[in-house]
Every structure is written in structure tokens, then in C-alpha cells.
Number of protein chains: 2
Amino acid sequence: MSYNNFLYLLNDALKNNHIELALSSVETFRAVDIADVLTQLSVQQSQLLLTHLPERAYVFSYLPPVEQVKLAKAMPRNILAEIIGEMSSDKRADVFKCLDQDQQNALLPALAQAEREDIRQLSSYLEGTAGAIMSSEYATLKPNMMVKDAIKMLRFEAPDTETIYFAYVLDEARKILGVLSLKQLILAPEEQNINEFMETNVLTAYVDTDQDEVAKTISRYDLLALPIIDHQNMMVGIVTYDDAMDVASEEATEDFLKVGAVNASSKLSIKSAPILQLYQKRVFWLVFLVFGSLLSGIGIAHYEDVISQNLVLVFFLPLLVGSGGNAGSQSSTLMVRALATGDVQFKDWFHLLGRESLVALCLGGTMAIAVSLLGYFRGNEMVALVLALSMMGIVLMGCLIGMSLPFILNKAGLDPASASAPLVTSICDATGVLVYLFIASIILF
Amino acid sequence: MSYNNFLYLLNDALKNNHIELALSSVETFRAVDIADVLTQLSVQQSQLLLTHLPERAYVFSYLPPVEQVKLAKAMPRNILAEIIGEMSSDKRADVFKCLDQDQQNALLPALAQAEREDIRQLSSYLEGTAGAIMSSEYATLKPNMMVKDAIKMLRFEAPDTETIYFAYVLDEARKILGVLSLKQLILAPEEQNINEFMETNVLTAYVDTDQDEVAKTISRYDLLALPIIDHQNMMVGIVTYDDAMDVASEEATEDFLKVGAVNASSKLSIKSAPILQLYQKRVFWLVFLVFGSLLSGIGIAHYEDVISQNLVLVFFLPLLVGSGGNAGSQSSTLMVRALATGDVQFKDWFHLLGRESLVALCLGGTMAIAVSLLGYFRGNEMVALVLALSMMGIVLMGCLIGMSLPFILNKAGLDPASASAPLVTSICDATGVLVYLFIASIILF
């Protein structure tokens, strides 16, 4: 049965209120796949199916925010409160933040006291920080427990925790004394004191640490979860590896789009975002970059005499200027990614400047040979000389601009990824025009 | 103590053969951090420290391949064999693949029979497939065990497995019957039969599945590990979440660099790669793109008359042509990333073409208004008209080219990320020149 056929039958079953049939048709599906199915149904039917699903809170948390809000609006308040109550604390806060003020106000009184407090707490953290992605459901142990008691305690805590594979040993003030894995507990003798073998050198992050930093730490140390503390060193949550994977993917998307000069967050869906929103994300850079191009135009206007007497120069203009832009884009792309992955830091700038110059000379030399041959056949040996020298200069300039811009932005506290390919191209184009026509005016006149 | 001071003291200790002192200075360090320290030492001292580390195999596996090969060369064969024997199977195969033929031949006889077989098996899988990143150390259970026996068996297997948080229930032919988490086992009554509650609907991937697919599955379903099977459905390994994170990051880097027209793998370090290698990764696209620019030049040459009689047109050439390239880069970047994350598929092309046209008309309209004002003040109302119409046409063309190219490459079985910003810019530049000068020749003559 094809997916479309399946959707058709499911639709039919829901329309005719055959809930059992609908439920059994998605029985073997995983939560994230059911969430995909829900987005294909009308709000009415989606809500009908969701409320009857055994894992409804889990499925709901996999829906895209837009769908969550749609369903939340359509659902009776008490059912929504039930589902939100069943969700894990981090997903619950995420949904809550997406609702409008009215929906939030209507929902809060329907929730249990503890959930309400939890939502208030978790939604108070700034987007993009550890606090905004952490979960407050983690397993804790008391110091000096015996292994068998620790396992018993984890069993007891299991229903309310995201993971029991790691448990944090906290003192009375919720300061972290150590961390234990369930593996360690399973392998240790039942009567042993956990303090004897817990890991006391625990990696942590603050609630206001950038989520990207948290994801990097989890990835670097291959952690299942990273405990999050506040500035009084009290443990307040954990960020799990799956959230770290999502963050890493989001950050990669954002950097990727920035390099293409699109101001978008990873949540922008090119398939479903409103046209006007896509327009807004792109128009700023396009208009901004016009100024870069204007500089090129001014350069050309300045050398109008040179051009009018050597129209052959215009023929080579796109080639020379384009090569500088292309080489510059390559350099900036390499740098932006290397800065993002932590492969290079600001202190490496001078070292890299030297290496980049060498690479640029090799690249420029190759291109100069190619273009001077063209110049010789279409013009003469003087044109060939102008082209060769210009190409060397333009590629060198392009590479140095392309590699330096991300560093400069970084140093200025801006995102290096703002050194987009189009921005670098525009700057390199303008300098390229000046270099080319300056060299031409000297040699040909 | 600063990091440099620390390195200085460590260096000193090692030079004077004060192993105990050196070891105690890195006692609180994690494996990946010690690996970083090793790369800062000379091969001699790095080897000395490594061989005495308690977690030496683990530290060794975190070293970059280049460093591993250097150390492997310098180390006595029997010590190398010991360290490689202690490594996890996937890392061991990775190191082995990096060694040259002579080193491999020298190493094999020094390894235990089982390790030798394992290396042969794991290194036989193609780079980029699940087989190349999987580990052969996973926990297995037999069907119909009691919970307490299953836990006992996991305890016994623990030292030889990457994780005991998931265990696979296999039949005699190593076919997967089900999967159990340690959490389920811990929570179940001791006397229960595992078949009663194991998950029988198990997600798997084949050994020759693309590693990117495997990483996506792990991320989508929030798995700790994905079991890998051969084409006889026999279980042969697992890929764990941390390897999936690494793969996702590598793939993001590769796409990122491709969009910047750099043909590099994620393993290329801009800081330490040989200059010639960096040159090679970049020169192909730079030279290739010259042909795109040549098309622009030919377009200009074709309309030489138009230009020579209206030199003001040259002033606006970079602006118009650049805007088309910039808009095109934005479109292609959005598409490449959306295709990579699975947000859009080939079947969405026509739908997206319509949306993109609308966005392009809005963007083109905005830019046309801006540029025609400039044209009016620098030229006259006819120039303004030429500029407005050209801008609309060029931005529309740019967007449609930029969004279509990744789809076309994808359909042709190529990587959509090859639709790099510089490539799209070059193509858009050439069409931009033609559109602009064609419109100018019609209106102004």
C-alpha cells in the first residue's frame, strides 16, 4: 500500500469516526512518523487521532511548532492541558512559548501546580541558551548510598526522568558531587558505597551558556547528557545528546544560509513559509550589496577614459573580477566553517594569512597564465601583461579579503558566517575593478 | 597556570624521563583533551607519554589520523599492537586503514587472531557506508531469557561492548528478534521473560547504507545506537549516536565547503594541510568558472556597439549583474540545505518554482525601484526604464536558475551542493549581461 493510499484510508476512517481502525493503522509507526502523518490531515482529524493515541504527548512533541499551535487552538482546553502535562519538561516549555498570550493564560490554570512552576522557570531562559533547551527531569542520587539502594532509587525515579543511564549525586544544596552511569552501578558490587567510584570531575555548563557551546561539549566528550547549573552552582537541568544533535543541525543550517546571504533561522521552511517572510529574509542583503556593486560602478566611471579607448578591457572585466570574487568566496567559506567547528581561532589569523598568501599566489599564477594567453590572442602582448598582473593581484586580494573578513567580524563580536559568499564577492568585485583598471591605465598609457 | 606554561613543564618532565610527574599533570584531563596535548609534543615525547597513560587506547583513538600514523611509525611494534588491541573495533579499523601497506603487514602478525579477523572484516567496507563506521562490539541476548539472567549476561558482556544500554536479542542465525533497553530490564520484574516486553519492531540499516542516511535515522528517531545488518539479515554491528554526530558534522562541513566551491572533505584542516593540497582543492572550480565568466565577456563583446555609444551602461553593469548573482546564490543556498536536511524533495520542484517566482518578483521589484532612481539621476528616464526592466528580469532569472540548479544536479545523480554560490553567480552573471544589454539595445536604439 502506498503512502497516499494509506493516508486516504486513514482519512476515511477518521471521517467516519472509526477510531479503532485509525489507531490500528498507525500501530507499528514510531512517534516521529505519526507526527508526519498528522501534518497531512485536517486539524479536525489530526486532533481526533492525536487525542486517542497511546503516546500522544510524545507524538505531539515531534510536531512542528506551527502545527502544535494550530492543534492547541482547536483542542478542548482540558485535553490540551492533559497532553501538555504528559510531555517532558523541555518540550512542554517549547510548546508553551509558541502559544499566544491568550492561549497561555487559558492553559496555565488547567495545569498542575508543579507543571506550572516548571513552565514558568524553563520559559524564562533566553532562546539559544542551555536553559532554553534543557530538561528538568533527570535522575539524582544522595551521597554515600549503597549500590543496591542507588539502583532501587533509579527504578523509583525512572518514570519521571529523561534518562536513567546517568545519575547525578547532589548534596543538600543541589551542588553536584559526582556522576555515575547505570553501567557502573550494574557492574559494581551491591554493597559498595557509590562515593567510592563515582566520577567527581564532572563537566557542567551554566544555564546561560550558548546552546552551540553546549552541543559542542556534548559532541567533543561523547556525553549522553550534560548537567546544567546556575550561577550558585546549583544543578537545574540536563541537556541530552539528542537535543545536542538537533542544535548542531540547526546551527549548521543557520551558518549555511548566512553564507548564502539569507538571514534565516533554521526554523524557516522554504516549502511552507509565507512569501513575504522569505522576501524579508533576503531583501536586506540584496539591497545592502547594491552598495558594494555601486563601488564597482564608481571605479569603472573613474576609469571611463581608459575603457573607452580600450574596449577590449571590458571583455575581460567579468572574467578577472569574477575570479577574484570566486577565490574570495572559497577563502571565506573555508574560514567560516573552520571557525564554526573550532578548527581555527583568532590567534591563528597571522599564521593563516601567510599560508593563504602562498595558496593565493599559486592559484593566481595558474589563472594568470590562462588569461594572458587569451589576452594575447584577442589583444596584444601588452594586454596579456595587464591581464596576467591583474589576475595575480585580484586573486591575491580576493583571498586575503575572503579569509580576513570572518576573523574581523568574529573579533568585532559579530557572527563570522555573516561574511557571506555574496558579500565577499561584492567587496572583491569592487577591489578587482580598481586593481584591473589601475594596472591597465599605467601599462597602456 | 596557563596552557603554554603547562605544556612547557610537561615537555620538561618528559625530556628528563619523569614519567610519574608527567602522568600526574594530565590526571584530571579527559581523553580527548590529552589527545590535544599529545599533538603539541614531539613524536618522541608524545609516544613516551601515550604508552604510559592508563587510558592510552582511548586517547589514541581521539588523535587525528595524521598523528596516529606518525606515532604508529615511531612506536615499537609490540606496543602498537597492544594499544590497537585495546581499542574499540571501529576505531581500530580506522587506524588500520590509515597505515601504509608495510605498516599493516608488520602489525597484523602481532595482533590476536580475533582482532585480525575483525580488522579484515571492518576495513573491507567502503568509506562512507554504515560498515565503515560501525562497531562490532555490541551486547546481545538470547531469546526467552529471564530478566535477571539477561542482566547477568550484560554484566558479563560489558567489558567488550560499546554500550550495554541497548541489547539485541538474536536467534541462532544472528537475525534480530528484538531489542531491549537496560532501562526496561531494570524496571521489569526479575522473573519475567524478555520476549514478553522486548521491542520487536526494530529499526536497522544495511552495511552498505550511506553513512549520512544512518546518521539521519539515528537523529530522527533519537536512537542511542542503530543495529547494522548484512544482506542475509544477519546482525554485523552497531552505529552509536556519537559516531552519528560526527558524521552529521562532517557532512555539514562538506556541503558547506562545496557551496563555497571548495572540493574538500571534512578532514581537510586549513591550519595544517599542505599548501599544494589546498591549491588542488580550489583550482578546479576557479578555472572551471573562468568559462562562465568568458560567456559574460562574449556577451559584452557581442553588444560592443551598444556599450561604446552608452558608456553609462558600463557603470551599472556590476550592480545589475551582481544583484542577479546574489539573488541566485540565496536561492541555491536555501535549496541545497533544504534538500540536504530532507525538508524538500524532487517532487516539490514545481511547487517551489511558483513560490520562488513570487519571491523573485517582490525582490526584483524592490531592487528595480532603487536602481531606476539611480539611473534617472545619472542618465535619463530611458536609462531608468532599461535599468528597471533589466533588474526585474535579471533577479527573476537569477532566482529561477539558483533554485533549479540543485534540483537538476540531484536528478542527474550529482550532489546538489555542487551548485555552489560561485557557480550560480557565474551562470547568473552571464545571463545577466545578456538580459541587460539585450533590453538596452532594444530600448535605446
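Note that the structure is predicted; figures quoted are calculated from it, not measured. (Residues numbered from 1 in each chain as written. Chains lettered and ligands numbered in written order. Predicted model: local features only at pLDDT ≥ 70, side-chain atom pairs only at ≥ 80, totals over all residues. Heavy atoms only, no water.)

(A) Quick peek at the interface of chain B and chain A. If you look at the interface, chain B gives 107 residues, while chain A gives 106 residues. Here chain B packs against chain A, burying approximately 9900 Å² in sum over the two surfaces, 67% of which is carbon and sulfur. When the buried area of chain B at its contact with chain A is split by residue, B:Phe256, B:Ile270 and B:Arg282 rank highest and sum to 8% of it. At the boundary of chain B with chain A, the tally comes to six salt bridges. Among the salt bridges present, the one from B:Arg282 reaches A:Glu356, with a minimum N-O distance of 3.0 Å. Looking at the side of chain B that touches chain A residue by residue, the classes come out as 64 nonpolar, 24 polar and 19 charged. (Contact = heavy atoms within 4.5 Å. Buried area = accessible area lost by both parts, 1.4 Å probe. Salt bridge = Lys/Arg side-chain N within 4 Å of Asp/Glu carboxyl O. Nonpolar A, V, L, I, M, F, W, Y, C, P; charged D, E, K, R; others polar.)

(B) Representation of the packing of aromatic side chains in the model. Residue and element names in this part refer to chain A. Under the criterion given, the structure shown has 28 aromatic pairs over all chains. When the ring of Phe284 is compared with that of Trp285, the centres are 5.4 Å apart and the planes differ by 70 degrees; the resulting orientation is edge-to-face. Here Phe284 falls in the partly exposed class, since its relative accessible area comes to 45%. The structure contains a cluster of three or more aromatic residues connected by ring pairs, namely Phe346, Trp349, Phe350 and Phe407. (Phe/Tyr/Trp six-rings, centres within 6.5 Å; stacked < 30°, edge-to-face > 60°. Buried < 20%, exposed > 50% of the residue type's maximum accessible area, 1.4 Å probe, protein only.)

(C) View of empty space enclosed by the protein. Taken as a whole and assessed by the stated rule, the structure comprises seven cavities of 30 Å³ or more. Broken down by secondary-structure element, the contributors of at least two residues to the lining of the largest cavity are helix H16 (275–302), helix H18 (312–341) and helix H21 (421–444) of chain A together with helix H18 (312–341) and helix H21 (421–444) of chain B. The residue makeup of the lining of the largest cavity, split by class, is nine nonpolar, nine polar and two charged. Put simply, the second largest cavity is a space of about 70 Å³. Every residue along the wall of the second largest cavity is listed here: A:Pro318, A:Gly322, A:Asn326, A:Thr425, A:Asp429, B:Ser293, B:Ser296, B:Thr425, B:Ser426 and B:Asp429. Elements with a minimum of two residues in the lining of the second largest cavity: H18 and H21 of chain A together with helix H16 (275–302) and H21 of chain B. (1 Å grid on protein atoms, 1.4 Å probe; cavity = no way out; pocket = protein on both sides within 12 Å on 5 of 7 lines; lining within 4 Å. Points joined across faces, edges and corners; volume = space filled by probe spheres on them. Helix = DSSP H or I, 4+ residues; strand = E, 2+ residues; numbered from the N terminus.)

(D) The arrangement of the environment of A:Met146 in detail. All names here are of chain A. Along the chain, Met146 turns up in the loop between strand S1 (139–141) and helix H12 (147–157). Measuring from C-alpha to C-alpha, the distance between Met146 and Asp246 comes to 37 Å, with 100 residues separating the pair along the chain. The residues touching Met146, leaving out its near neighbours within four places in the chain, are Glu190, Glu191, Gln192 and Ile194.

(E) The arrangement of the UniProt feature "transmembrane region" (unreviewed entry) in chain A in detail. All names here are of chain A. Under the local residue numbering, the UniProt record ascribes the feature "transmembrane region" (unreviewed entry) to residues 283–301, 307–327, 357–377, 383–409 and 421–444. Taken end to end, residues 283–301 is 100% helix and 0% strand, and its first and last C-alpha atoms sit 27 Å apart. Secondary structure content for residues 307–327 is 90% helix and 0% strand, while the C-alpha to C-alpha distance between its ends is 25 Å. (UniProt positions renumbered as here; feature names shortened; annotations may be inferred.)

(F) Region of interest: the side chain of A:Thr333. Following the sequence through the fold, A:Thr333 ends up in helix H18. Separated by 2.6 Å, the side chain of A:Thr333 and the backbone oxygen of A:Ser329 make a polar contact. Discounting chain neighbours no more than four positions away, the residues touching A:Thr333 are A:Val259, B:Phe256, B:Leu257 and B:Gly260. (Polar contact = N/O pair within 3.5 Å; in protein donor to acceptor, adjacent residues only side chain to side chain.)

(G) Molecular detail of the sheet that holds strand S1 (residues 139–141) of chain B. Residue and element names in this part refer to chain B. An order of S1-S2-S3 is seen for the three strands of this open sheet, with the pairing classed as mixed. The open sheet has two free edges, formed respectively by S1 and strand S3 (176–181), since each of these has just one partner strand. Sheet twist, expressed as the average angle between the axes of neighbouring strands with direction ignored, equals 35 degrees. Relative to S3, strand S2 (residues 166–170) runs antiparallel, the two being bridged by five bridges. Bridge assignment links Leu170 to a residue of S3, and that residue is Ile176. (Pairing = 2+ DSSP bridges. Axes fitted to C-alpha atoms, helices over the stretch in contact; angles between N-to-C directions.)

(H) Structural detail: the nonpolar core. Ranked by internal contacts, the top residues of the largest apolar core, which has 85 residues, are A:Leu141, A:Leu182, A:Leu185, A:Ile194, B:Leu182, B:Leu185 and B:Ile194. Examining the composition of this core, we find that five residues originate from one element, H12(A), more than from any other. When neighbours within four sequence positions are excluded, B:Ile194 is seen to be in contact with B:Leu141, B:Lys142, B:Asn144, B:Met145, B:Met146, B:Val147, B:Ala150, B:Val169, B:Leu180 and B:Leu185. Membership of the second largest hydrophobic core comes to 83 residues, among which are A:Leu311, B:Ala273, B:Val290 and B:Met391. (Core = buried A, V, L, I, M, F, W, Y, C linked by side-chain atoms within 4.5 Å.)

(I) View of the domain arrangement of chain A. The domain boundaries assigned to chain A delineate domain 1 (3–124), domain 2 (138–241) and domain 3 (275–444). Summarising the inter-unit geometry, the C-alpha centres of domain 2 of chain A and domain 3 of chain A are found 52 Å apart. (Domains from an automatic or database assignment.)

(J) Expanded view of the packing of H18(A) against helix H15 (residues 241–259) of chain B. Direction vectors running N to C along H18(A) and H15(B) enclose 160 degrees, while the axes themselves pass 9 Å from each other. Taken together, the axis directions place H18(A) and H15(B) in an arrangement best described as roughly antiparallel. As H18(A) runs across H15(B), the sense of the crossing is right-handed. Taking contact as the criterion, the partners of A:Thr333, A:Leu334, A:Val336, A:Arg337 and A:Thr341 in H18(A) are, on H15(B), B:Ser249, B:Ala252, B:Thr253, B:Phe256 and B:Leu257. Residue composition of the contact of H18(A) with H15(B), grouped by class: five nonpolar, four polar and one charged. (Parallel < 35°, antiparallel > 145°, perpendicular 65-115°, else oblique. Left-handed = near helix turned anticlockwise from the far one by under 90°.)

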